[in-house]
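Geometric and topological summary
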Amino acid sequence: MYKYDEYDQQMVDTRVAEFRDQVRRRLAGELTEDQFKPLRLQNGLYLQLHAYMLRVAVPYGTMNSAQMKVLGDIADKYDRGYGHFTTRTNIQYNWIKLEDTPDALADLAKVEMHAIQTSGNCIRNISSDQYAGASADEVVDPRPYAELLRQWSSFHPEFLVLPRKFKIAVIASEIDRAAMRLHDIGINLVRNEAGEVGAEFYVGGGMGRTPFVAKKIKDFVPIDQMVTYAEACVRVYNRYGRRDNKYKARIKILVHELGLEAYSKEVDAEFAHLLSQPIEPPLAELERIQAMFFDPAFETGLSDELDLSDPDFRLWVERNTYAHKAPGYVIANVSLKPIGGIPGDATSDQIRLMADLAKDYSFDELRVTHAQNIVFPHVKKSDLYALWQKLEKADLSTPNLDTVGDIIACPGLDYCSLANARSIPVAQKISERFGSAERQAEIGELKLKISGCINACGHHHAGHIGILGVDKKGKENYQLLLGGSEGADTSLAKITGPGFDEDGVVDATEKAIDVYLANKQGDERFLDTYRRIGMAPFKEAIYG
Amino acid sequence: MKIVTANDLKSGAVIWWTGVGWSLDVNEAADVGDDGAKVIAREEGAQNAVSAYVIDAEKDEQGVRPAHIKERIRAFGPTVRLDLTVKPADANAVNWVI
Ligand code: HEM
Ligand code: SF4
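Quick caveat: nothing in here was measured; it's all calculated off a predicted structure.

Describing the nonpolar core
All names here are of chain A. Among the nonpolar cores identified, the biggest contains 105 residues, and L71, F201, M226 and F376 are the most heavily contacted of them. Among the elements that line this core, the one with the most residues is helix α6 (residues 226-240), at nine residues. With residues up to four places along the chain from it excluded, the contact list for M226 reads Y145, L148, L149, I187, L189, A199, F201, V221 and E280. Counting residues in each nonpolar core, the second largest holds 30 residues, with I467, L482, Y516 and I542 among its members.

Some details on the pattern of salt bridges
Where charged atoms from two side chains of opposite charge approach closely, those side chains can pair. Residue and element names in this part refer to chain A. On inspection of all chains with the given rule, the structure shows 56 salt bridges over all chains. Between E33 and R26 there is a salt bridge, with the nearest N and O atoms lying 2.9 Å from each other. In this structure, E33 and R26 share a single accessibility class: buried. A salt bridge links D76 to R352; the nearest nitrogen and oxygen atoms lie 2.7 Å apart. Of this pair, D76 sits in helix α3 (residues 65-78) while R352 is found in helix α11 (residues 348-361), placing the two residues 276 residues apart along the sequence. What makes D76 partly exposed here is its relative accessible area of 39%. Taken together, the salt bridges that share partners define one network made up of K69, D73, D76, D349 and R352.

Notes on the interface of chain A and chain B
Contacts between the two partners involve 31 residues from chain A and, on the opposite side, 23 residues from chain B. In total, chain A and chain B occlude about 2,200 Å² of area from one another, counting both sides; carbon and sulfur atoms represent 60% of this. Between the two partners, chain A and chain B, sit zero salt bridges. Secondary structure elements with two or more residues in the side of chain A that touches chain B: α1 (6-27), β5 (91-96) and α13 (424-433) of chain A. If you tally residues by element for the side of chain A that touches chain B, the top one is α13(A), at three residues. When the residues that make up the side of chain A that touches chain B are grouped by side-chain class, the tally is 15 nonpolar, six polar and ten charged.

Section: the side chain of E71(B)
Residues and elements named next belong to chain B. Mapped onto the fold, E71 is located in helix α2 (residues 69-76). There is a polar contact of 3.0 Å between the side chain of E71 and the side chain of Y53. Here E71 is in contact with T5, W16, Y53, I55 and P66, once residues within four sequence places are set aside.

Details of the UniProt feature "domain: Nitrite/sulphite reductase 4Fe-4S" (unreviewed entry) in chain A
In the numbering used here, UniProt assigns the feature "domain: Nitrite/sulphite reductase 4Fe-4S" (unreviewed entry) to residues 119-273 and 403-542 of chain A. Helix makes up 36% of residues 403-542 of chain A and strand 17%. Its end C-alpha atoms lie 21 Å apart.

Some details on the site of ligand 1
Residues and elements named next belong to chain A. Close contacts around ligand 1 come from 19 residues, with Q48, T86, R88, N455 and C457 the closest. Between R88 and ligand 1, the recorded distance is 3.4 Å, taken from a backbone N or O atom to an oxygen atom. K165 places a side-chain nitrogen or oxygen 3.1 Å from a nitrogen atom of ligand 1.

Examining the pairing of β5(A)
All names here are of chain A. Counting buried residues along β5, six of its six residues qualify, which places the element largely inside the surrounding structure. In the sheet, strand β2 (residues 52-56) pairs with β5 via four bridges, with the strands oriented antiparallel. For L54, the partnering residue across the bridge sits in β5 and is Y93. Between strand β4 (residues 82-85) and the antiparallel strand that follows it, β5, lie five residues; T89 among them carries a positive phi value of about 55 degrees.

Each value, and the rule that gives it
Residues numbered from 1 in each chain as written. Chains lettered and ligands numbered in written order. Predicted model: local features only at pLDDT ≥ 70, side-chain atom pairs only at ≥ 80, totals over all residues. Heavy atoms only, no water. Core = buried A, V, L, I, M, F, W, Y, C linked by side-chain atoms within 4.5 Å. Buried < 20%, exposed > 50% of the residue type's maximum accessible area, 1.4 Å probe, protein only. Helix = DSSP H or I, 4+ residues; strand = E, 2+ residues; numbered from the N terminus. Contact = heavy atoms within 4.5 Å. Salt bridge = Lys/Arg side-chain N within 4 Å of Asp/Glu carboxyl O. Buried area = accessible area lost by both parts, 1.4 Å probe. Nonpolar A, V, L, I, M, F, W, Y, C, P; charged D, E, K, R; others polar. Polar contact = N/O pair within 3.5 Å; in protein donor to acceptor, adjacent residues only side chain to side chain. UniProt positions renumbered as here; feature names shortened; annotations may be inferred. Near = heavy atom within 4 Å. Pairing = 2+ DSSP bridges.

The following block contains the structure:
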């Protein structure tokens, strides 16, 4: 894990003190709301549908137990006893009081956390693979590179007022677990024939009103030029990105309007210029950071055997665990999607319990995933049953990872002031309808994603089944989409046809799943069947 | 009727203009007629309320009911956490929203 040095700590502490004074001045009437609003947003504090909402950054989704525990404590001390893990691997609190925010930020700063750059037109929290450092299929641990980019982008003077917000994901595996191709910049770390690590760059991905899959712009940027190349990409965007229209301001629109070739030419010119200015941090800095992401002290000579005689445990192991690179270890996923629950919500007690369990069973580490779940990255197989039993007692053992119950849903009209329709109740109804383990097993992998408006925070464009809430003459209405994906085979979902009311969209979802089950060949996933047979049979069944 | 809603500066809570002050209960909202802009200018200046705006509502025997579902959710609380709503004890209250 990255450890703050004195400069990092001082920067964060100073920001807390500064914001404390700004809040004091606001409450004393020395600042108007117009003056104060940009200041609070710079500290992750939004005004939402019901109250203030605080968004706390979790860089590349990695935390230690002490950090996770503080997240639980904040939920109790300053909020209503729960937190909401988001699609950008952050956590949000929905009921923070303005007067308490400086104290909450001070508590965060004590465990090297903050809410800086979680809002506004700047480079946001950098996301990564939730199995980083643990899975066998990675080229390198992507997190030191994400950390280097985090340090480069934090308070970067040129990039604090970009045309729009800017999202970067870094992965190092062919299996893209971070929706890398749906980010403004996606970086895939690869090795060349000589065995050297370099960065494959993608640009111009994103969801929202005009979704695009990112395009590959460079096969291999030497690792000691990665930051420089990223800087060139962002500079060109900053120079040409449209500022006249908020919806056309994202880099995806620039790349689309200029064309990849023209954009790439500009980047190459800027890159050549920057190489003459040396701005790249020295490799020693990367090595310093890498030294903090060493492997934990895995025991050797462990058995890979697991006693699966308990059928509930077996189901959970089959569904929610993933192969670890070290013999005798496994990656364990906690689904924050109990049947009928609110996707991504966890109570303060659950958060603290997960913190304790990570300490006892996972070398003090946890991850937040973009699917709004939590990961214990390094669990000894011989501890797995004990871990599962403790999770089970806390309603954290739902065995539904990547199935129809593991729904991504944005807060929607229950919390978000931009929403057109509620997302959570639809997620709850679908999760209840397909709640039985047998049904989920029959359906297999199915990624279902729901957004309450076109901003697409719930990633509906990337759902095998996506649901989008729209406003139809003042009433909630839901469009059904099919065929999206977010991994190495990223694709954008297509709308089936006219929308439905809340119950109607749940029924339509079931009809789509029935078409899949009737047409499925062999081990095909929903997505594979859809890709093979196309939209027509689904449409026929849904609108028939 | 026209009513004025805002958020309380300190707590962020959703509040409703009663004619003399602010209430957490939408049923106490006053019909401001054409005076919404005046109320907003004065109250935002007084620093208690932020993000104030005028909305349409109706009044019937059940009380004041905002015209748009979004404002009804603001008046009530999240429909998916009845324990966090303004009327946590009333399981049927969510029907008022939808
Ligand atoms: C102020 C109300 C908003 C709320 C409560 C909200 C909520 C969220 C949440 C929960 C996420 C994951 C957040 C994170 O961890 O950083 C997210 C991401 C996202 N937000 Fe929002 N959001 C809001 C405003 C917006 C606006 C104004 C836009 C665009 C105009 C937008 C577009 C997106 C998109 C496109 C994503 C993720 C998908 C992507 O990466 O492209 N959101 N938002
Ligand atoms: S998709 Fe829309 S409704 Fe959902 S959180 Fe984002 S902005 Fe809000």
